[in-house]
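Fold and contact review
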Amino acid sequence: MSIETADRVHVNNTRVDLFENVGPIDWEDLPAAAALTQQLIRDFAEDKALFRRLLLAVEHDPYLWAKCEEDVVEDKIVLWDDVEKGLRIRLRMSTDHQQQLAHNHRFSFTNLVLRGTYLHRNYFARGGFDENTLPDDVHPVLLHEDRAGECFTIHHNALHSTPFTELGTISLVLRGNPVKDRAPVMFKEARGREEAVRSLRETAVTPGELSEVEPESAEVGTMFWRVGEDRESSERRAERQMTLEKYRFWCVKLEELGLI
């Protein structure tokens, strides 16, 4: 069975004229995919009536609602999904300080910063990047800021980190279908208090046995897998599920900020 089979047979019922004439995206042709998807996500963000309509409809769509999450350092709301075209629109809102996490992705995507700033690092990993990679094998090769109004497009194999430099940073992500079951993440900065980090070290997993849950505390070099919802337990999905209260908070906040 293919990755996230349930997702691949679902097409959101909400009609979005902006995407009607868009065929399947070839994310392996990254320059062409970037040109198309960056224009699409900018057009979407500028159509505030459409943005608002999709946002307010999410709580009434069980498929989309199940994908809305409260995570360790950010909240996510999935606004629209068409897997036949290879397109999903997701909102990301920072809620806490984020450490420098070197990672790649299960999918390629385009990101439009609506508010705030990312501090963006690109890395080179000597010998490749997997569960056996050591912290000293991962070297930054490019550092830049992504500010409000700016777009970037990332291939799923690119190794980078994008910590938010200010709370309340908000972005729109236009992503493709997953092409991997899981993707590794490495902490390049410690997270959490010293006592918590010491406890984590005492119970650390060995290489090849990485957790599929992002830790709340971690030392430099700690790694974990990011996986699709099809690999998560029902308990884990319930733990990450966004509350209706938080969703409605973001609906009000986005309107106050003039984004919808």
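Remember, it's a predicted structure, so these values are computed and weren't measured experimentally.

1. A closer look at the overall build of the protein chain
Per the secondary structure count, the protein chain includes seven helices and 12 strands. Here the protein chain holds 260 residues, and the buried ones make up 52% of them. Sequence separation of at least 24 residues holds for 76% of the intrachain contacts in the protein chain that already meet a minimum separation of 6. A total of about 12300 Å² of accessible surface is found on the protein chain, and carbon and sulfur atoms cover 50% of it.

2. A look at the packing of aromatic side chains
Each aromatic ring pair is described using two quantities: the centre-to-centre distance and the angle formed by the ring planes. In this structure the tally under the stated criterion is eight aromatic pairs. Seen from their ring centres, Phe107 and Phe109 are 6.2 Å apart, and the 70° between their planes marks the pair as edge-to-face. Pair check on accessibility: Phe107 and Phe109 agree, each one buried. Each ring, one from Phe109 and one from Phe152, has its centre 6.2 Å from the other, and the planes form 70°; the classification is edge-to-face. Remark: Phe152 occurs in strand β8 (residues 151-154) and Phe109 occurs in strand β5 (residues 109-115); sequence separation between them is 43 residues. Phe152 shares its class with Phe109; the two are buried. Taken together, the ring pairs connect Phe107, Phe109, Tyr118 and Phe152 into an aromatic cluster. Directly above the ring of Phe107 sits Arg175, whose terminal nitrogen or CZ lies 4.0 Å from the centroid.

3. As for the nonpolar core
Core analysis: the biggest nonpolar cluster contains 41 residues, and Ile77, Leu79, Leu91 and Leu172 have the highest contact counts within it. Secondary structure elements with two or more residues in this core: α2 (30-46), α3 (48-57), α4 (62-65), β2 (74-82), β3 (87-94), β5, β10 (170-175) and α7 (244-256). Ranked by residue count, the leading element in this core is α2, at five residues. Those residues in contact with Leu79, other than ones at most four positions away along the chain, are Phe44, Phe51, Leu54, Leu55, Val58, Leu64, Ile89, Leu91 and Leu172. If you look at the next biggest cluster of nonpolar residues, it comprises eight residues, including Ala102, Ala125, Val138 and Leu159.

4. Observations concerning the packing of α2 against α3
At a closest axis distance of 5 Å, the pairing of α2 and α3 adopts a crossing angle of 85°. Taken together, the axis directions place α2 and α3 in an arrangement best described as roughly perpendicular. Across from Phe44, Ala45 and Glu46 in α2, the residues of α3 making contact are Lys48, Leu50, Phe51 and Leu54. Classifying every residue of the contact of α2 with α3 by side-chain character gives five nonpolar, no polar and two charged.

5. Remarks on the sheet that holds β8
Strand order across the open sheet formed by six strands is β1-β2-β3-β10-β5-β8, with antiparallel pairing between neighbours. Looking at strand neighbours, the two that pair on one side only are β1 (69-70) and β8, the edges of this open sheet. Sheet topology places β2 next to β3; eight bridges connect them, and they run antiparallel. Bridged to Glu74 within β3 is Ser94. Docked against the sheet, α2 engages β2, β3, β5, β8 and β10, running at close to 140° with respect to β8. Of the strands in this sheet, β1, β2, β3 and β10 are in contact with α7, which crosses β2 at around 85°.

6. Let's talk about the pattern of salt bridges
Under the criterion given, the structure shown has 15 salt bridges. Where Lys76 meets Glu74, a salt bridge forms, and the shortest distance between an N and an O atom there is 3.8 Å. Owing to a relative accessible area of 12%, Lys76 belongs among the buried residues under this scheme. One salt bridge connects Arg147 with Glu145, and the closest N-O pair in it is separated by 2.9 Å.

7. A short note on α7
For the α-helix, the turn length of 3.6 residues means that residues three or four positions removed from each other point alike. Its 13 residues place the ends of α7 18 Å apart at the C-alpha level, agreeing with the 18 Å of an ideal helix rising 1.5 Å per residue. All buried positions along α7 are accounted for by Tyr247, Trp250, Cys251 and Leu254. Taken around the axis of α7, the buried residues stretch over an arc of 105°, which confines them to a single face. Facing away from the buried surface of α7 by more than 90 degrees, the exposed residues are Glu245 and Glu256. For α7, the secondary structure elements touched by its buried residues are α3, α4, β2, β3 and β10.

Calculation notes
- Residues numbered from 1 in each chain as written.
- Predicted model: local features only at pLDDT ≥ 70, side-chain atom pairs only at ≥ 80, totals over all residues.
- Heavy atoms only, no water.
- Helix = DSSP H or I, 4+ residues; strand = E, 2+ residues; numbered from the N terminus.
- Buried < 20%, exposed > 50% of the residue type's maximum accessible area, 1.4 Å probe, protein only.
- Contact = heavy atoms within 4.5 Å.
- Areas by Shrake-Rupley, 256 points an atom, 1.4 Å probe, with all protein chains shown as cover.
- Phe/Tyr/Trp six-rings, centres within 6.5 Å; stacked < 30°, edge-to-face > 60°.
- Lys NZ or Arg CZ within 6 Å of the ring centre and 35° of its normal.
- Core = buried A, V, L, I, M, F, W, Y, C linked by side-chain atoms within 4.5 Å.
- Axes fitted to C-alpha atoms, helices over the stretch in contact; angles between N-to-C directions.
- Parallel < 35°, antiparallel > 145°, perpendicular 65-115°, else oblique.
- Nonpolar A, V, L, I, M, F, W, Y, C, P; charged D, E, K, R; others polar.
- Pairing = 2+ DSSP bridges.
- Salt bridge = Lys/Arg side-chain N within 4 Å of Asp/Glu carboxyl O.
- Expected span 1.5 Å × (residues − 1).
- Arc of directions from axis to C-beta.

From the geometry alone we can't say anything about function, so treat these as descriptive.
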